[in-house]
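Spelled out, the chains give:
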Amino acid sequence: IGSHSARIGFAGDDYPRVYIPSCIGITDTYNDNKTDITINNSIKNTHFDINYYRPNMRLEHIVRDGIINDWDLLEELWDHSLTNYLKVDTKETPILLAEKSYNSSESRQKMCELMFEKYNAPALFMSKDAVLSCYSCGKTTGVAVDCGASGTVVTPVYEGWAETSAISRGLVGGRFMDAHLLRMLGRHMHDHFSLPPPKPLFRLTKSVDPVTGALSWQPNRSVEQVHPSYDAYMHLEMARDMKESVCRTAEASSNLTDGDPRYMNIPLLPHALPDGTVVDVGVERFLPPELLFDPSLLDLQAPEMVTLGLSPSCPGGMPGSSDPIENLVVDSILRCEADSQVTLASHLIVTGGNSAYDGMPERIRQEVDRAAHMNAPNWRTKVLSSGASERAICTWLGGSIIASLGSLHEMWMGRSEYDEYGSALIDRKC
């Protein structure tokens, strides 16, 4: 379960059965019956189809910076997935869970208690996401470069064990890129069309010209009582759709906005906004991914991120660095044992939904090569990565692979062990 989406499925499958947002819509129903035991005389209703607009629906995130933020909502998500998608009896199904490499012991033990106490799992195994990403590429040693929605995490893995003391975390994540692209799009609409910023689909209504039959989209004035968190989320989703459609990684470091001749004559890519407006995207398509290599362009206090409680200044955020991604990789490798550094540098595993741009693995290799040349000229950097469509599910694929291996069954934490030793055993078993 990541900061943007949850992926759940069966061992041995090639794709998760459940791939849904890891945030939940909340509406309040007020009840005049004073005998009901409710908070502030209201009943909380949860909604998973968040693309469907509901008045005053607010969005709450289950995961913040890779760490479980709301355990009650996590249970709601599990119940929804089991009932509507997986349809299995957890009493007869061992469970493998992926976790962030910097997950706390307290959080691990709480998850262990939830799996055994509520879902009555017969066995449980928890594995670091970086280790599973390496397994998905057929490796037990490497550096997992996880470019996710809330940030970038670099974790060295040696012989199947995550080097937690060498983890580096960058602040640049996919959601910040979405916010950056959204502001660029707003300026483009104003400067070129003298139009207001684009609106997400839920704020539009479809109309058909009775004479010509032409289809058009107009602002939906009946939409009222929109919660700020829902409005911010849907605007970012609109930008994410555009980012995934047209953005790609520049081949080399460059000041893209100052007339680099390599990018002056690139063909324009058309992109249709929800209201039907078509914008032509030129050199701007390279700017969001460039934030990974030049975080100084990033606005860490983007209004949408503050509204959603996801900016670094919001309470509960994980500390992170504003260094470029290549510096994070080099720093992590240098904090490992000297005799393992050359091997680690030759196995960079690029993963995460925010790495699924054309040219991203090769660009990371190029920048790490350049940064490492000053500190470790004997490194020979090599990048291993799946196809663009698989990078977002690399961790899940790694879990699917090892959960189907018979050798893993010796490592499960069984129900009898939990009953005898309690949840603290999970820290020694996994």
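Residues numbered from 1 in each chain as written. Predicted model: local features only at pLDDT ≥ 70, side-chain atom pairs only at ≥ 80, totals over all residues. Heavy atoms only, no water.

Please explain the pattern of salt bridges as it appears in this structure.
Pairing is possible between side chains of opposite charge, provided their charged atoms come close. Overall, the coordinates contain 28 salt bridges when judged by the stated rule. The salt bridge involving arginine 365 is made with glutamate 362; its shortest N-O contact spans 2.7 Å. Here the residue arginine 365 and the residue glutamate 362 both occupy positions in helix H10 (residues 360–375), the gap between them amounting to three residues, near one helical turn. Across the salt bridge formed by arginine 363 and glutamate 367, the nearest N and O atoms sit 2.9 Å from each other. Taken together, the residues arginine 363 and glutamate 367, both in helix H10 and four residues apart, mark about one turn of the helix. Judged by its relative accessible area of 1%, arginine 363 is buried. Shared partners join several salt bridges into a network, and the residues in it are Arg175, Asp178, Glu237, Arg240, Lys243 and Glu244. (Salt bridge = Lys/Arg side-chain N within 4 Å of Asp/Glu carboxyl O. Helix = DSSP H or I, 4+ residues; strand = E, 2+ residues; numbered from the N terminus. Buried < 20%, exposed > 50% of the residue type's maximum accessible area, 1.4 Å probe, protein only.)

Can you help me understand the environment of methionine 374 in this one?
In this structure, methionine 374 sits in helix H10. As a C-alpha pair, methionine 374 and methionine 264 span 110 residues in sequence and 32 Å in three-dimensional space.

When you look at the layout of surface pockets in this model, what are you seeing that I'm missing?
Using a probe with the size of a water molecule, rolled over the atoms, empty space left in the structure can be pinpointed. Computed from the structure, the second largest pocket encloses a volume of approximately 390 Å³. Lining the second largest pocket are 20 residues, and of these Phe125, Ser127, Gly160, Trp161 and Met411 lie nearest its centre. Looking at the lining of the second largest pocket, the elements that each hand over two or more residues are strand S9 (123–128), helix H3 (129–136) and strand S12 (161–162). Counting residues per element, the lining of the second largest pocket draws most heavily on S9, which supplies four residues. (1 Å grid on protein atoms, 1.4 Å probe; cavity = no way out; pocket = protein on both sides within 12 Å on 5 of 7 lines; lining within 4 Å. Points joined across faces, edges and corners; volume = space filled by probe spheres on them.)

Looking at this structure, I do not really get empty space enclosed by the protein. What am I missing?
One pass over the full model with this rule turns up three cavities of 30 Å³ or more. Space inside the largest cavity adds up to approximately 90 Å³. In terms of lining, the largest cavity is formed by Ser3, His61, Arg64, Asp65, Ala149, Ser150, Arg175, Phe176, Met305 and Leu310. Broken down by class, the residue content of the lining of the largest cavity amounts to four nonpolar, three polar and three charged. Its boundaries defined by the atoms lining it, the second largest cavity holds a volume of some 60 Å³. In this structure, the second largest cavity is lined by Lys100, Ser101, Asp129, Ala130, Ser133, Ala144, Asp146, Val153, Thr155, Thr351 and Thr395. Broken down by secondary-structure element, the contributors of at least two residues to the lining of the second largest cavity are H3, strand S10 (142–147) and strand S11 (152–158). (Nonpolar A, V, L, I, M, F, W, Y, C, P; charged D, E, K, R; others polar.)

I keep staring at the environment of threonine 343 and nothing clicks. Help me out?
Position of threonine 343 among the secondary structure elements: in helix H9 (residues 341–345). In this structure, the C-alpha to C-alpha distance between threonine 343 and glycine 142, residues 201 residues apart in sequence, is 7.4 Å.

Where do I start with the confidence of the model for the chain in this structure?
As a general rule, the predicted coordinates of low-pLDDT regions are not to be interpreted in detail. When the pLDDT values of the chain are averaged, the result is 90; 95% of them are 70 or greater. Across residues 34–39 the pLDDT falls below 50, and counting only partners more than four positions away or on other chains, this stretch makes three contacts in the model. (pLDDT = per-residue confidence, 0-100. Contact = heavy atoms within 4.5 Å.)

How should the side chain of lysine 128 be read in this particular structure?
Inspection of the secondary structure assignment puts lysine 128 in strand S9. Discounting residues that sit within four places of it in the chain, lysine 128 has contacts with Glu99, Lys100, Ser101, Arg108 and Ala162.

Could you clarify how one ought to interpret the sheet that holds strand S5 (residues 58–61) in this entry?
In any sheet, the strands associate via hydrogen bonds between backbone groups, in a parallel or an antiparallel arrangement. Within the open sheet, the three strands sit side by side as S4-S3-S5. Their pairing is antiparallel. Each of the sheet's edge strands pairs with one partner strand only, and the pair in question is strand S4 (42–47) and S5. Averaged over all pairs of adjacent strands, the angle between strand axes in this sheet comes to 40°, irrespective of strand direction. For strand S3 (residues 23–30) and S4, the ladder comprises six bridges, and the chain directions are antiparallel. (Pairing = 2+ DSSP bridges. Axes fitted to C-alpha atoms, helices over the stretch in contact; angles between N-to-C directions.)

Can you help me understand the pairing of strand S17 (residues 278–281) in this one?
Every regular strand shows the same layout, with side chains that alternate between the two sheet faces. Side chains Val279 and Val281 of S17 all project onto a buried face; the interleaved residues Val278 and Asp280 project onto a face where none is buried. Looking at chain direction, strand S16 (residues 269–272) and S17 are connected through four bridges and run antiparallel. Paired with histidine 271 across the strands is valine 279, a residue of S17. Turn length for the S16-S17 hairpin, with the two strands adjacent in sequence and antiparallel, is five residues, and the turn residue glycine 276 shows positive phi of about 95°.

Any chance you could explain the packing of helix H1 (residues 71–86) against helix H2 (residues 105–118) here in plain terms?
The relative placement of two packed helices is expressed as an angle between their axes plus a distance between the axes. For the pair H1 and H2, interaxial distance at closest approach is 12 Å and the crossing angle is 45°. Taken together, the axes of H1 and H2 are oblique relative to one another. Crossing hand, H1 versus H2: right-handed. On H2, the residues touching Trp71, Leu74, Glu75, Trp78 and Asp79 of H1 are Ser107, Lys110, Met111, Leu114, Met115 and Lys118. Within the contact of H1 with H2, the residues separate by chemical class into six nonpolar, one polar and four charged. (Parallel < 35°, antiparallel > 145°, perpendicular 65-115°, else oblique. Left-handed = near helix turned anticlockwise from the far one by under 90°.)

Even after reading the chapter, I still don't get helix H12 (residues 394–403), so can you show me in this structure?
Three- or four-residue spacings in an α-helix give side chains the same orientation, since the helix completes a turn every 3.6 residues. For H12, the tally of buried residues reaches nine of ten residues, placing the bulk of the element in the interior. Within the sequence span of H12, burial applies to Cys394, Thr395, Trp396, Leu397, Gly398, Gly399, Ser400, Ile402 and Ala403. Those residues of H12 that are buried lie in contact with strand S1 (5–8), strand S8 (95–99), H3, strand S18 (348–351) and helix H11 (388–391).

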